[in-house]
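# Coordinate analysis (summary)
For reference, the chains in residue letters:
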Amino acid sequence: MGLLRRTPAPDRTARGAHAAAPTPRPRGAAPPPTATVSASPDAASSARTLARALRARGQRRVYGVADPRVSVVSTPQATVWCRGGVLSWRDGLGRRVQILAEEIEAAVDLLLKQAVQQTVPT
């Protein structure tokens, strides 16, 4: 019986439904849009960006250690921990300050304001 061919079993997904074959894209067509997920930057890139921004705004004596999981940026007024997409430090009164790592400019504003408050007696 040379006229019969074996055909592979259909690919089945969960619940026994047939898996739909992907439709080919016309040559030169752009890929279909995908959902954009805003991934938080890793701790090392957040720390480097924060340190650069502080120096650019006139902060002196900015030090740090960068690691992808946990990084630290230190100034005379605060030690900023960068981890899990969050920047955190203590203000002049010892209260914890937390801000998203994507909001570097806001963090720089808060840190420079804190530096001024701690150097000028009130």
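This section reports on the structure supplied with the text. Numbers given for residues are sequential positions, taken from 1 along each chain in its written order. With the structure being a predicted model, the display of local features is reserved for residues of pLDDT at least 70 and the display and counting of side-chain atom pairs for 80 or more, all residues being used for whole-chain, interface and lining totals. The basis for the side-chain values is all heavy atoms of the structure; hydrogens and waters are excluded.

### Comments concerning the overall build of the chain
Threshold: Secondary structure follows DSSP: runs of H or I at least 4 residues long count as helices, runs of E at least 2 residues long count as strands, and numbering of each begins at the N terminus. Residue burial is assigned from relative accessible area. The probe radius is 1.4 Å, only protein chains are included, and a residue is buried under 20% of its type maximum, exposed over 50%, and partly exposed in between. Should any heavy atoms of two residues lie within 4.5 Å, those residues are considered in contact. Computed by Shrake-Rupley with a 1.4 Å probe, the accessible areas treat only the displayed protein chains as cover when residues are assessed.
Scanning the chain from terminus to terminus reveals 2 helices and 5 strands. Along its sequence from the N terminus, the chain presents helices and strands in the succession α-β-β-β-β-β-α. Each of the 122 residues in the chain was classed as buried or not, and the buried ones make up 27%. Within the chain, contacts between residues separated by at least 24 positions form 37% of all contacts whose residues are at least 6 apart in sequence. Carbon and sulfur atoms provide 56% of the accessible area of the chain, an area that totals close to 9,500 Å².

### Looking at helix α2 (residues 104–119)
Our working definition: Expected helix span is given by 1.5 Å per residue-to-residue step, counting one fewer step than there are residues. Each direction from the helix axis to a C-beta atom contributes to the arc, which is the arc of those directions.
When the terminal C-alpha atoms of α2 are compared, their 22 Å separation across 16 residues agrees well with the 22 Å that a helix rising 1.5 Å per residue should span. Along α2, the residues that are buried comprise Ile104, Ala107, Val108, Leu111, Leu112, Gln114 and Ala115. Seen from one end, α2 has its buried residues packed into an arc of 155 degrees, which puts them on one side. Facing away from the buried side of α2 by over 90 degrees, the exposed positions are Lys113, Val116 and Gln117. In the core, the buried residues of α2 are packed alongside α1 (43–56), β3 (79–83), β4 (86–90) and β5 (96–100).

### Some remarks on the pattern of salt bridges
Convention followed: For salt bridges, the criterion is a side-chain nitrogen of Lys or Arg within 4 Å of an Asp or Glu carboxyl oxygen.
For the structure shown, the criterion picks out 4 salt bridges. Where glutamate 105 meets arginine 57, a salt bridge forms, and the shortest distance between an N and an O atom there is 3.4 Å. Of the two residues, glutamate 105 sits in helix α2 while arginine 57 sits in the loop between α1 and β1 (63–65), which places them 48 residues apart along the sequence. The exposure class assigned to arginine 57 is partly exposed, which follows from its relative accessible area of 41%. Two residues, arginine 69 and aspartate 67, come together in a salt bridge whose shortest N-O distance is 3.6 Å. Salt bridges sharing partners connect three or more residues here, namely Arg57, Glu105 and Asp109.

### Overview of the environment of valine 80
Tracing the backbone through its elements, the reader meets valine 80 in strand β3. What makes valine 80 buried here is its relative accessible area of 1%. In this structure valine 80 touches Leu50, Ser71, Val72, Val73, Leu87, Ser88, Trp89 and Leu111, once residues within four positions along its chain are discounted.

### Structural notes on unusual backbone geometry
Phi is positive for arginine 61, which is not a glycine, with a value near 55 degrees. For arginine 61, a relative accessible area of 55% corresponds to the exposed category.

### A word on the nonpolar core
The test is simple: As used in this record, nonpolar core signifies buried Ala, Val, Leu, Ile, Met, Phe, Trp, Tyr and Cys residues forming a set joined through side-chain atoms within 4.5 Å.
Of all hydrophobic cores here, the largest spans 21 residues; its most connected members are Leu50, Leu54, Val73, Val80, Leu87 and Trp89. Counting only elements with at least two residues in this core, the list comes to α1, β3, β4, β5 and α2. Top element by residues in this core is α1. It accounts for 6 residues. In this view, leucine 54 contacts Gln59, Val62, Val73, Thr75, Val108, Leu111 and Leu112; residues no more than four positions away in its chain are not counted.

Interpretation note: all reported values are geometric properties and have no functional meaning in isolation.
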